[in-house]
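# Structural overview for review
Here is how the chains run, residue by residue.
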Amino acid sequence: MDYQLCPSILSADFNRLGEQLRILENEGIRYLHIDVMDGDFVPNISFGMPVIKSIRKESKLFFDVHLMVTAPERYIRDFVECGADSITVHVEACEDLERAIEMIRDANVKVGVSLKPATPVNDISHLLDEVDLVLVMTVQPGFGGQKYMEECTEKIRELREIAEQEDLDFDIQVDGGINDETIETVIRAGANLIVGGSCVFNGDLASNVKHLRKRIDQLSREAE
Ligand code: DX5
Ligand code: ZN
């Protein structure tokens, strides 16, 4: 299984964004987690297409775009055009989730679906063979720096079990409240794509990434 640390630029220093992306690339990061918030689906507004378009010119990282946006179907084409490599939509935000999945697939990027903490795995179990990634939110979406919600761990386990039983190969991504302790919880439960905002960008970026990647490496070897 491919285990990756996915730094979330929501916690980056936007005054030094280009420089910070180069540090991430030099440290061997492959995924960049990009949180788009509309002030409607979540009570916060982050950034949108112009920022993504601008960093796309400078970066070869895999752009993992997490849309916290109501009716995201309206914008799938725009995000693909500005450089997304995968698009993750919220189950709770789509009027017709199957249609949204189809639109993302037709645009030739990877398909992700995300569950808020209160949304059960059961809501997407019939669609798991159609997605590349399931994002389990481990905080209420909207803000960085929140505390990991323990009650979400069970959903990670449940998804890993389904993937194994049904021989499906979607990635399980976790997002929110990841730190030195919770990283162990989520990898043991079966997550393989680990989003980190504060734990990556607070303090020294290069040494945080070195430390977290080493930790993921160790924990994933124990988990396999
Ligand atoms: C929250 C975002 C996260 C956020 C995580 O709605 O989706 O990606 O940046 O930040 P931390 O790691 O600080 O909880
Ligand atoms: Zn996110």
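A few points on the structure.

Turning our attention to the site of ligand 1. Close to ligand 1 lie 20 residues; Asp35, Gly142, Gly145, Asp175 and Ser198 are nearest. Within the contact set of ligand 1, an oxygen atom lies 2.6 Å away from a side-chain nitrogen or oxygen of aspartate 175. With respect to ligand 1, the side chain of serine 198 contributes an N or O atom lying 2.4 Å from an oxygen atom. In this structure the site holding ligand 1 corresponds to the largest pocket. Looking at the shell around ligand 1, the elements that each hand over two or more residues are β2 (31–37), β3 (62–68) and β8 (193–196). With 3 residues, the top contributor of residues to the shell around ligand 1 is β2. Of the residues in the shell around ligand 1, the class split is 7 nonpolar, 11 polar and 2 charged.

The phi torsion at asparagine 108 lies on the positive side, around 65°, for a residue other than glycine. With respect to the helices and strands, asparagine 108 occurs in the loop between α4 (97–106) and β5 (110–115). Judged by its relative accessible area of 70%, asparagine 108 is exposed. Here aspartate 167, not a glycine, exhibits a phi torsion of approximately 55°, which is positive. Relative to the helices and strands, aspartate 167 resides in the loop between α5 (153–165) and β7 (171–175). What makes aspartate 167 exposed here is its relative accessible area of 70%.

The rules behind the values
Residues numbered from 1 in each chain as written. Chains lettered and ligands numbered in written order. Predicted model: local features only at pLDDT ≥ 70, side-chain atom pairs only at ≥ 80, totals over all residues. Heavy atoms only, no water. Near = heavy atom within 4 Å. Polar contact = N/O pair within 3.5 Å; in protein donor to acceptor, adjacent residues only side chain to side chain. 1 Å grid on protein atoms, 1.4 Å probe; cavity = no way out; pocket = protein on both sides within 12 Å on 5 of 7 lines; lining within 4 Å. Sits in = over half its atoms within 2 Å of the grid points. Helix = DSSP H or I, 4+ residues; strand = E, 2+ residues; numbered from the N terminus. Nonpolar A, V, L, I, M, F, W, Y, C, P; charged D, E, K, R; others polar. Buried < 20%, exposed > 50% of the residue type's maximum accessible area, 1.4 Å probe, protein only.

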